[in-house]
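Inside the fold
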Amino acid sequence: MRLGIEMAFREVNDQGGVHGRQLRLESLDDTYEPELAIANTIRLIEDKQVFALIGEVGTPTSRSATPVAAAADVPFIAPFTGAAFLRDDDWQNIVNLRASYAQETEEMVERMTADLGIDRIAIMYQDDSFGRTGYQGALAALHRRDMEPVSVGLYPRNTVAVKTGLLDLKAGRPEGVIIIGAYEPVATLIAWARHTGFDPVFITISFVGSNALAVELGPYGEGVYVTQVVPFPTDDSIPIVAAYLDTLETYYTGTEPGFVSLEGYMAGKLAIAGLDSCGPELTRVCFLSALLDSQAMDLDGFPLYFGETDNQGSDQVFLTVIGPNGRYRPTDTLLKR
């Protein structure tokens, strides 16, 4: 995520900046822990005097950081999470780029039921606000079809302690499993499941970190599905993806394109569009208004739509699957097995 934002900033800085201003990204590591996210947010706002916050990673960390940012009237741009609370009408300073977790889980359930006729679906989730948000989205999608999960498992955040959750999943004999988690525990779960002969359709959410998941899964990855909220990162028919690939090659030759760094690049470009709209006399009020009041925006071929009560730009969800070579490919449907 940081790499992508830095790419967008370096690109515009080399062109003279935004109305003569150079952009700089200050990054602090909260280790995915809410308490440290609060301390870091205070430090960024009070000590480093940042103009805006961008690319916060995670639901529990964003839940801690957003009240601090709101109290200081600091823009909170393109967090790397689809959590529902960030889309609440009451926020005046949050700009979401990506589709929500509810939209991702809706796509998961739709594809399982419509493409494969699966009616035995289980849910595995990380036991924190991120996992519960995804769980509630999946549950709502099932309820819309008069369905219930056949089993539910969970695991603690920042661990790979998934074996108990795996046993809980297996008890329901599911044909498909929705997983809400980060790449290490998700990979551990799938690898253990397949090692023990438990092999339903596995589908997980964009936050997982797709490239890292594929590497971690190794030979166990084939046929694992991941929903995405940005286009395929090598599809250069889309102008913003072509620009991303060119910039990646220019500044980070040899670096693998990925969904997360593309999302970061798009977040950076979104921020640049807001800054550019305000002209030389830049204020935070103008910056937020330029984004949230724009209604329709074309981010180099990727459409965004905001509204009076809608601080989320994109509603698009894309489906991908890991192939036998360990690499992702886009797909419109779950494949018959």
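Before going into details, it helps to say that this report is about the structure given with it. Within every chain, residues take consecutive numbers counted from 1 along the sequence as written. Under the rules for a predicted model, residues below a pLDDT of 70 receive no local features and side-chain atom pairs below 80 are neither given nor counted, while totals for whole chains, interfaces and linings still include all residues. Processing note: side-chain calculations cover all non-hydrogen atoms of the structure and skip hydrogens and water entirely.

What follows concerns the sheet that holds strand S2 (residues 76–77). Sheet architecture is open: 3 strands sit in the order S1-S2-S3, paired in parallel fashion. A strand with exactly one partner marks an edge of an open sheet, and here the two such strands are strand S1 (53–54) and strand S3 (94–95). Only strands joined by at least two bridges in the DSSP assignment are considered to pair. Strands here are runs of E lasting at least two residues and helices are runs of H or I lasting at least four, both read from the DSSP assignment and numbered beginning at the N terminus. Where S1 meets S2, 2 bridges bridge the pair, whose relative direction is parallel. Residue isoleucine 54 lies in a different strand from S2, and its bridge partner there is isoleucine 77.

Turning to the pattern of salt bridges, a few remarks are in order. For this analysis, a salt bridge means a side-chain nitrogen from Lys or Arg found within 4 Å of a carboxyl oxygen belonging to Asp or Glu. Tallied over the entire structure, the rule returns 16 salt bridges. Between glutamate 26 and arginine 24 there is a salt bridge; the shortest N-O distance is 3.2 Å. Notably, a salt bridge pairs arginine 144 with glutamate 106, separated by 2.8 Å at the nearest N-O pair. Here the residue arginine 144 occupies a position in the loop between helix H5 (129–143) and strand S5 (152–155), and glutamate 106 occupies one in helix H4 (residues 101–116), the gap between them amounting to 38 residues. Residue class for arginine 144 comes out exposed when judged on its relative accessible area of 54%. Residues joined by salt bridges that share partners form a network here, namely Glu106, Glu110, Arg144 and Arg145. Only protein chains enter the accessibility calculation, which uses a 1.4 Å probe. A residue is then buried if its area is under 20% of the maximum for its type, exposed if over 50%, and partly exposed in between.

Here we take up the side chain of serine 151. Mapped onto the fold, serine 151 is located in the loop between H5 and S5. N or O atoms within 3.5 Å of each other form a polar contact, as long as, within protein, one can give a hydrogen and the other can take it, and as long as residues adjacent in sequence are counted only when both atoms are side-chain atoms. A distance of 2.8 Å separates the side chain of serine 151 from the backbone oxygen of leucine 169, its partner in a polar contact.

Looking now at the sheet that holds strand S6 (residues 176–180). The strand order across the open sheet formed by 7 strands is S5-S4-S6-S7-S8-S11-S12, and the pairing between neighbours is mixed. Strands with a single pairing partner mark the edges of an open sheet, and in this sheet they are S5 and strand S12 (328–331). Recorded for the sheet is a direction-independent mean angle of 25° between the axes of neighbouring strands. Of the strand pairs in this sheet, strand S7 (residues 201–204) and strand S8 (residues 225–228) are connected by 2 bridges, and their pairing is parallel. Residue pairing in the sheet places isoleucine 203 in a bridge with tyrosine 225 of S8. Any pair of residues with heavy atoms lying within 4.5 Å of one another is described as a contacting pair. Lines fitted to C-alpha atoms define the axes here, with helix axes fitted over just the stretch in contact, and angles between the N-to-C directions of these axes take values from 0 to 180 degrees. Each of strand S4 (121–126), S5, S6 and S7 is contacted by helix H7 (residues 183–195), which is oriented at about 180° to S7, the strand it contacts most.

Expected helix span is taken as 1.5 Å per residue step, with the number of steps being one fewer than the number of residues. Between its first and last C-alpha, helix H3 (residues 59–71) extends 19 Å over 13 residues, near the 18 Å set by a 1.5 Å rise per residue. Maximum bend of H3: about 30°, positioned at alanine 65, with proline proline 67 one to four residues after it. Along H3, the positions that sit buried rather than exposed are Thr59, Pro60, Thr61, Ser62, Ser64, Ala65, Thr66 and Ala69. The secondary structure elements touched by the buried residues of H3 are helix H2 (34–47), S1, S2, S3, H4 and H5. Remark: aspartate 73 follows H3 within two positions and exhibits a positive phi of approximately 55°. Throughout, the bend at a residue refers to the angle made by two axes, fitted to the seven residues ending there and to the seven starting there.

To continue, consider the packing of helix H9 (residues 239–251) against helix H10 (residues 259–277). With their axes 10 Å apart at the nearest point, H9 and H10 run at an angle of 105° to one another. In this view, H9 runs roughly perpendicular relative to H10, as classed from their interaxial angle. Note on element contacts: H10 touches H9 through Ser261, Leu262, Tyr265, Met266 and Lys269, opposite Ile240, Val241, Ala243, Tyr244 and Thr247. Classifying every residue of the contact of H9 with H10 by side-chain character gives 7 nonpolar, 2 polar and 1 charged. Note on terminology: angles under 35 degrees are roughly parallel, angles over 145 are roughly antiparallel, angles of 65 to 115 are roughly perpendicular, and the others are oblique. For this scheme, ten residues count as nonpolar: Ala, Val, Leu, Ile, Met, Phe, Trp, Tyr, Cys and Pro. Four count as charged, namely Asp, Glu, Lys and Arg, and the remainder, Gly too, count as polar.

So, about the state of the cysteines. Disulfides are covalent bonds that connect the sulfur atoms of two cysteines. Cysteine sulfur atoms that come within 2.5 Å of each other are treated as a disulfide pair. Taken as a whole and assessed by the stated rule, the structure comprises 1 disulfide. The partner cysteine of cysteine 278 in its disulfide is cysteine 286, sulfur to sulfur 2.2 Å. Disulfide cysteine 278 to cysteine 286: torsion about the S-S bond roughly -115°, handedness left-handed. Cysteine 286 sits in the partly exposed class, given a relative accessible area of 27%.

What follows deals with unusual backbone geometry. Here histidine 19, not a glycine, exhibits a phi torsion of approximately 50°, which is positive. Mapping histidine 19 onto the fold places it in the loop between helix H1 (2–13) and H2. For threonine 31, which is not a glycine, the phi torsion comes out positive at approximately 55°. Topologically, threonine 31 is positioned in the loop between H1 and H2.

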